[in-house]
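Okay, here's what each chain looks like letter by letter:
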Amino acid sequence: MSRSYGNLSGCAMYNLEMLILRANRFISGYLPDWLGLFKRLKYLDLSANSFSGSIPQSLGTLSALEVLRINVNQLNGTIPVSLGQLSSLMILDISYNQLTGTIPVSLGQLSNLKILDLSSNHLEGVLTEANFANLTILEELSIDSNLLTLKVISDWMPPFQVKSLLMGSCKIGTTGFPQWLRTQKKVSFLDISNASISGTFPQWLDEMPLVTLDLSHNLIGGPIQKLPPTLKTLDLSHNNLIGGPIQKLPPTLKELYLSHNLIGRPIFQKLPPTLKELDLSNNLISGPLPQNISEMVPSLGTLLLAGNLISGLIPCSLWEIPALQDLDLSKNKLFGNLPHFKGWGAPSALRVMRLSSNKLSGILPSSIGNFASLGWLHLNNNSFHGELPSTLRNCTSLMVLDLGENRFSGSIPTWIGDLFYLKVLRLHKNMFIDNIPSQLCQMLFLQIMDFGNNHLTGPIPRCLGKLSGMILYAKGYDERLVHTSMMQGIKGSEREFTSWTLELLVNMDLSMNNLVGSIPKEITNLSGLCGLNLSHNNLIGKIPEKIGGLKSLESLDFSKNQLVGIIPQSISELNFLSRLNLSYNNLSGRIPTGNQLQTFTSSSYLGNSELCGDPLPRKCRGDEKSQPPTATGHGEEHEEDDFEKVWLYVAIMSGYATGLWGFVGVLLLKKSWRHAYFRFVVMVKDKVLLAIALGVARLKNYIDQFGG
C-alpha cells in the first residue's frame, strides 16, 4: 500500500468484528491475504479506495462475514470461487472494478444473500438457473454494464422476489420480453436496457409496482396502452415507437425519456403536471409548442425537443416555468423573434439554452441579460441580426457562447472580456467589423476562439499569446450539461463536438477576415492549441521563428495571405501535425524536412513561386551538386553512364553519315560502278515481284482445291 493504516497482522486484533476504511484517497496497493485471519469479522467495507490486483482467496475463510463491500476500486482478475463459502453473507458489493472472467456458480449457494451487486465490471459468460439456485431471499440484483448472457428455460421460476433488478446490457437470450419477469411481483426498479428485446410493450408490466423502468436501446415498437400507476421514471429512448405511443401516463411520472423513436404526434396535452424531465428529441413531432406550456408542466426542469419538426413561435410562457434549467429546441422549424423574458421579479434558472438551427430572426432582446445562470447559450445557424445587447454581459456564468452563422454586426464589444468563465466564444460567419478587442486577453479560461468569416480588420493583438486557457487549458465543463454539442471547424472540415469532447479541443480560427500586420510571435506561446487558422487575410511578414512551440498543434492553416521569407525549421517539431496549408503566399527558400512534414503533399505549398525542395518539383539551387547517393546506386555513376551514352550515339550517327556519303561519292565519280549498282537493283526488284506472283498463284490453287 502507498500508505500504511497499521500492521493489522502483527497485533492482537483477531477479535475485530467491523473494519471500515471507506473513501480514503491515500489507501492503495493490493488487498492483503492476512485479512482472512479475522475470523470474527462481520462487516468489511473497503470501498471507494484505490486498491488494485486480485481479490484474495483468503476472504472466503471469513465464515462470520455478513457484509463485504469492496466496490469502486481498481481490482482485476476473477471473482474467487471461495466467496461462495461465506454462508452468513447478506451483502456482496464488488461493483465498479475491472474484474474479468465468469460469475462463479458458487455464489448461487449464498442462501442469506439479500444484495448482490456485480455491476460495471468486465465480466462475461453465460448465467443459468444454477447461478441463482439458493438465492431465495435476494432483494437486489445488479449485474448491469457487463458482457453477460442469461440463458434459462422458458418456464423458469426464479427462487427470489427482488425489489431491484438491474440487467442493463445483459443479453437475455430471447428476442421478446423474458416471461420469468412476470413472477417478480415486488420489483420497483427494473433495468433491462440494451438487451436486444423486440416486439411490443407487454401489458403485464402494469401489474408490477414499478417506480423506475428502463427499456432504452432495444427494438420495442407499437403503442403503449397502459403503464404502472406508481411509475416515476420511464426511459423508452432509442426504440421503434411510432405514432402517439402512450395513451395514458401515470399521474406520478416525473421523468420521461422517449428520444430517438418515430413518434409523430404531439403529446403535450397528455403530460402529467408532475413532470420534471422530458426528452422527446430526435423524433417526428410536428406542430407548434403549446402557448400555455407553463401551465401544463409547471414543474419542468429539463425540456429536450431537438431534432423534430416543431414549427411556429417560441411561446412567451416558456420563460415562466420557474424551475426550467435545460432547454434544447435546436434543429426544428421555429421562426420569429426570441421572446422577451419578463422575469416577474425573479431571474431565470436556465443553465442551457439551445435554439440553434432554426429560422429565428430579429435582434436579441435586452432581457437576455436576465438569464444570469446561463452556462451554455447556442443561437447559431439562425437569422439574428443587429449588435449584441450590452445586457449580455450580465450572464457572468457563461462558459459557451455560440452565435455563429447569423447576421450580427457592429464591433465585437469590449465588455465581452468581462465574461470571465467563458471557454468557448464562437462568432463564426457573421458581419462583425473593426479590430479584435484586446480585452479578450482577460479571458483566462478561453479555449476556443472562432471569429472566422467576418469583416474584422486591424492587427492580431499580441496579448492573445497570454491566453492561459490555450497554454495549460483547464479540463472540465459543467458535468450536468451532457445534452449539449457544437460545431467547430478544424483540419479543414466542420465537426460536431459534444460536452465530453469539447474539453479536449483548443482552437483559434481568425480566417476569412481583413486582418493586417504580421503574425505575433507571442502566439507561439499557446502550447495547448490543437488548431490555428489565420488563412484568407492580408497578413504580411514572416512565419514566427518559434512556430515549433505550438507542441499540441494538429492543424495549421496560413494560406492565402502575403507572408514572406523562409519556412522556419522549427515547424518540423510539430509532431502531432496532420494538416498543413501554407499555400498562396510569397514564401521562399527550401521546405524543411523531418517528422510529420514528410507526410504532406505539394498542395500544402502551392502558389509560393520561390519555394523549392520536396515535395515540390522545383529543385533548390545546389541540389545537383550535393545530392547524396540514392538507395539503388551512386549519383556519379548515373551521370557517367548518361555521358557515355551521348558519345555512343554521336559516334554511330557520324559513322553512318560518313559511310553513306562515301558510297554515294563513289557512284558519282565512277560510271561503270553506277551502272552495275542500278542493274543489281533492277535484278533484285524482278526477283521480289516473281516471288510474290508465285505465292499468290499457290494460294489460289489451295483455295480452289479445298475451299469448295
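Computed from a prediction, not measured in an experiment: that's the story for all the values here.

Looking only at helices and strands, the protein chain has five helices and 46 strands in total. Out of the 708 residues in the protein chain, the part that is buried amounts to 48%. Taking the contacts inside the protein chain whose residues are at least 6 apart along the sequence as the reference set, 48% of them involve residues at least 24 apart. Just so you have it, the protein chain exposes about 33,900 Å², and 57% of that area is on carbon and sulfur atoms.

Turning to the pattern of salt bridges, a few remarks are in order. Within this structure, the stated rule accounts for 14 salt bridges. Among the ionic pairs, Arg351 bridges to Asp326, the shortest N-O distance being 2.9 Å. Of the two residues, Arg351 sits in the loop between strand S26 (333-336) and strand S27 (352-354) while Asp326 sits in strand S25 (residues 326-328), which places them 25 residues apart along the sequence. As far as the burial class goes, Arg351 and Asp326 line up, both buried. A salt bridge links Lys619 to Asp614, with the shortest nitrogen-to-oxygen separation between them at 3.6 Å. The exposure class of Lys619 is partly exposed, given its relative accessible area of 48%. Relative accessible area serves as the criterion here: at 56%, Asp614 is assigned to the exposed category.

The next thing to look at is empty space enclosed by the protein. Throughout the structure, instances matching the rule amount to three cavities of 30 Å³ or more. Size it by volume and the largest cavity reaches roughly 50 Å³. As for the largest cavity, its lining consists of Ile103, Pro104, Leu107, Gly108, Leu116, Leu118, Leu127, Asn131, Phe132, Leu141 and Ile143. In the lining of the largest cavity, the residues fall into nine nonpolar, two polar and no charged.

The next point concerns unusual backbone geometry. Only a minority of non-glycine residues have a phi that is not negative, and only a minority of peptide bonds are not trans. Pro615 follows Asp614 through a cis peptide bond whose omega is 5°. Tracing the sequence through the fold places Pro615 in the loop between strand S46 (610-612) and helix H3 (623-626). With a phi angle near 50°, Asn194 is a residue other than glycine that sits in the positive phi range. As for its position among the elements, Asn194 is in the loop between strand S13 (189-191) and strand S14 (198-200). Look at Asn453: it is not a glycine, yet its phi comes out positive at around 65°. Turning to its location among the elements, Asn453 is positioned in the loop between strand S35 (448-450) and strand S36 (455-458).

Strand order in the open sheet formed by nine strands is S22-S24-S26-S28-S30-S32-S34-S36-S40, and the pairing between neighbours is parallel. Strands at the two margins of the open sheet, each flanked by one partner only, are strand S22 (286-287) and strand S40 (514-515). Bridge analysis of S36 against S40 gives two bridges, and the strand direction is parallel. Counterpart to Gly458 in the pairing with S40 is Leu515.

As a further point, take the sheet that holds strand S2 (residues 28-30). With respect to topology, three strands assemble into an open sheet ordered S2-S4-S6, the strand pairing being parallel. Across the chains shown, the open sheet's two edge strands, defined by having one partner strand only, are S2 and strand S6 (74-75). Bridge count between S2 and strand S4 (residues 50-53): three bridges; the pairing is parallel. The residue of S4 that forms the bridge with Gly29 is Phe51.

Aromatic ring pairs are reported here in terms of the distance separating the ring centres and the angle at which the planes meet. Here the structure, examined in full by the defined rule, presents 12 aromatic pairs. Between the aromatic rings of Trp34 and Phe38, the centroid separation amounts to 6.4 Å while the plane-to-plane angle is 80°, which identifies the pairing as edge-to-face. Taking relative accessible area as the criterion, Trp34 reaches 23% and is therefore assigned partly exposed. Geometrically, the ring pair formed by Phe420 and Phe445 is edge-to-face, given 5.4 Å between the ring centres and 85° between the ring planes. A residue pair is termed long-range when its members are at least 10 positions apart, and Phe420 in the loop between strand S32 (407-411) and strand S33 (424-426) and Phe445 in the loop between strand S34 (431-434) and S35 qualify at 25 residues. With a relative accessible area of 34%, Phe420 lands in the partly exposed category. Here the aromatic residues Phe132, Trp156, Phe160 and Trp180 are joined through ring pairs into a cluster of three or more. Above the face of the Tyr584 ring, Lys560 is positioned so that its terminal group lies 5.8 Å from the ring centre.

Taken as a whole and judged by the stated rule, the model has two disulfides. Shown here is the disulfide that connects Cys441 with Cys463, its sulfur atoms set 1.9 Å apart. Looking along the S-S bond of the Cys441-Cys463 disulfide, the torsion reads about 60°, which is the right-handed sense. With Cys441 in the loop between S34 and S35 and Cys463 in the loop between S36 and strand S37 (485-490), this pair connects stretches of sequence that are 22 residues apart.

What follows concerns the environment of Ile412. Locating Ile412 in the fold gives a position in the loop between S32 and S33. Taking the C-alpha atoms as reference points, Ile412 and Leu388, separated by 24 residues in sequence, lie 8.2 Å from one another.

As for its position among the elements, Ser58 is in the loop between S4 and strand S5 (67-69). The exposure class of Ser58 is buried, given its relative accessible area of 18%. If we skip the residues at most four places from it in the chain, Ser58 touches Pro32, Asp33 and Gly36.

As a further point, take a nonpolar patch on the surface. A cluster of nonpolar residues, Ile242, Leu262, Leu284 and Leu309, forms a patch on the protein surface that exposes about 340 Å² of accessible area. Note on placement: Leu262 falls in strand S20 (residues 262-263).

In strand S30 (residues 383-386), alternate side chains face the same way, and those of Phe384 and Gly386 are buried while those of Ser383 and His385 on the opposite face are not. Of the strand pairs in this sheet, S30 and S32 are connected by two bridges, and their pairing is parallel. Looking across to S32, one finds that His385 is bridged to Arg407.

So, how was this worked out
Residues numbered from 1 in each chain as written. Predicted model: local features only at pLDDT ≥ 70, side-chain atom pairs only at ≥ 80, totals over all residues. Heavy atoms only, no water. Helix = DSSP H or I, 4+ residues; strand = E, 2+ residues; numbered from the N terminus. Buried < 20%, exposed > 50% of the residue type's maximum accessible area, 1.4 Å probe, protein only. Contact = heavy atoms within 4.5 Å. Areas by Shrake-Rupley, 256 points an atom, 1.4 Å probe, with all protein chains shown as cover. Salt bridge = Lys/Arg side-chain N within 4 Å of Asp/Glu carboxyl O. 1 Å grid on protein atoms, 1.4 Å probe; cavity = no way out; pocket = protein on both sides within 12 Å on 5 of 7 lines; lining within 4 Å. Points joined across faces, edges and corners; volume = space filled by probe spheres on them. Nonpolar A, V, L, I, M, F, W, Y, C, P; charged D, E, K, R; others polar. Pairing = 2+ DSSP bridges. Phe/Tyr/Trp six-rings, centres within 6.5 Å; stacked < 30°, edge-to-face > 60°. Lys NZ or Arg CZ within 6 Å of the ring centre and 35° of its normal. Disulfide = S-S within 2.5 Å. Patch = residues over 30% accessible without salt bridge, like charges linked within 9 Å, V, L, I, M, F, W, Y side chains within 5 Å.

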